[in-house]
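Chains, contacts and geometry: an overview
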Amino acid sequence: MEAGGAERLSINVANGLADEIDGSFICVTRAEGPLKSSIDKSVGYLFLKKRSTLDLKAIFKLKKYIKNNRISIIHAHSSSFFLGFLVKLIYPRICLIWHDHYGNSEFLEERPNLILKVCSYFFSHIFCVNRTLKDWSIQYLNCKSVSYLQNFTFLKNNEELTDLKGVKGKRIVCLANLRPQKDHLNLLNAFNMLLNDHLDWSLHCIGKDFNDDYSRKLKEYIREKGLLKHVFFYGSRQDISYILSQCEVGVLSSKSEGLPIALLEYGFSKLAVVATNVGDCELVVNSTELGALVPPENPESLSLALKRCVESPQKRLLTANKLHMKVISKFSKPAVIHKVIDMYSVVLTT
């Protein structure tokens, strides 16, 4: 369970449902991780230790858990739809709902979909995290019931574990695993330009480091540009609320997104926001009064937006507060959880 957006949302959903329905459960398939501590004690927990795609022991273990706990619906997130499909084959009475978090929604023509098309015959419903994914599911998949379900966030005031480096009051944070779609190089280019006029600001990158070629390129860039005292990587962290409380600006520099949880977490934590205009970011930051959206893969535009944010502390606070109010009203737990429960009721009665 990596500390990514889909994983955080799956826990948010399970936690949110726990107080609203008879039983809420979460199943981790292959690996546990730092997010485990975020699961409420009222949520049932199963770790399958799945070792392969067709791990029969894991499949039957999940089926047994479902029967013993009288579970009626599998709410499968992202690629776990296939495990849900296999369980439904041997236990047809279960309802299977798929939650599509596909991050490369700007590049859907490259998406592998043959197995997904077959499995979609068995879906009772599809939730999509943005409108592009919804349209794609309607066009390409074999499930008649599809809806857009906005992401939401709920940050707990957890332990204070991570003390950020840099000057207090002059920190920019990026919550994103080190993946190519997040385009950290775009951000590093933009931040390097910003330092020409604001040498006392620092950039803090929170997210899993896969220690691959992408990661190595980023670190090589930092060394070459002499940014070691200005840019800091922390890996996956549990204390997101505490980390964000130490920052002033939240940034996302992605090439592609759905509706990023990180963007909502910035708003929830009253940070000013600068992000690329991809996916459904515009549903959150839909005016300059709420933050700044810039074109993707354009470090000059990103740097200029960051500069304006850095140089205008009053405006920064004003936009941060307005975005906070919007996130609380439109992307909070009650609004989304009740939509999920309503769909569960429909699925169980059809």
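Up top you'll find the structure we're talking about.
Let me begin by describing the structure that accompanies this report.

Some details on the side chain of Lys326
Topologically, Lys326 is positioned in helix 12 (residues 313-330). Ignoring any residue separated from it by four or fewer positions in sequence, one finds Lys326 in contact with Leu283, Val284, Asn286, Leu290 and Phe331.

Overview of the environment of Ser312
When you line up the elements, Ser312 lands in the loop between helix 11 (299-311) and helix 12. A residue is classified by how much of its surface remains accessible, and Ser312, at 26% relative accessible area, is partly exposed. When the C-alpha positions of Ser312 and Ala6 are compared, they lie 33 Å apart, and in sequence the two are 306 residues distant.

Some remarks on the packing of aromatic side chains
The geometry of an aromatic ring pair is captured by two quantities: the separation of the ring centres and the angle between the planes. On inspection of all chains with the given rule, the structure shows 7 aromatic pairs. Seen in terms of ring centroids, Trp136 and Tyr140 are 5.5 Å apart; in terms of plane orientation they differ by 35°. Their pairing is tilted. With a gap of 4 residues between them, Trp136 and Tyr140 both fall in helix 5 (residues 131-140), about one helical turn apart. Each member of the aromatic cluster is reached from another via a ring pair, and the members are Phe81, Trp98 and Phe123. The aromatic ring of Tyr102 is capped on one face by Arg111, whose charged end is 4.1 Å from the ring centroid. It is Arg111 that lies over the ring of Trp136; its NZ or CZ is 4.7 Å from the centre.

Re the pattern of salt bridges
For the coordinates displayed, the defined rule picks out 11 salt bridges. Here Arg216 makes a salt bridge to Asp213, at a shortest N to O gap of 2.6 Å. On the criterion of helical spacing, the pair formed by Arg216 and Asp213 is a turn pair, its members being 3 residues apart in helix 7 (residues 213-224). One continuous salt-bridge network, built from bridges that share partners, spans Arg131, Asp280 and Glu282.

Some points on a nonpolar patch on the surface
Judged by side-chain polarity, Leu56, Phe60, Leu89, Ile90, Tyr121 and Phe122 come together as a nonpolar surface patch covering roughly 610 Å² of accessible area. Taking the relative accessible area as the measure of exposure, Ile90 reaches 32% and is therefore partly exposed.

Here is what the cut-offs are and how they apply
- Residues numbered from 1 in each chain as written.
- Predicted model: local features only at pLDDT ≥ 70, side-chain atom pairs only at ≥ 80, totals over all residues.
- Heavy atoms only, no water.
- Helix = DSSP H or I, 4+ residues; strand = E, 2+ residues; numbered from the N terminus.
- Contact = heavy atoms within 4.5 Å.
- Buried < 20%, exposed > 50% of the residue type's maximum accessible area, 1.4 Å probe, protein only.
- Phe/Tyr/Trp six-rings, centres within 6.5 Å; stacked < 30°, edge-to-face > 60°.
- Lys NZ or Arg CZ within 6 Å of the ring centre and 35° of its normal.
- Salt bridge = Lys/Arg side-chain N within 4 Å of Asp/Glu carboxyl O.
- Patch = residues over 30% accessible without salt bridge, like charges linked within 9 Å, V, L, I, M, F, W, Y side chains within 5 Å.
- Areas by Shrake-Rupley, 256 points an atom, 1.4 Å probe, with all protein chains shown as cover.

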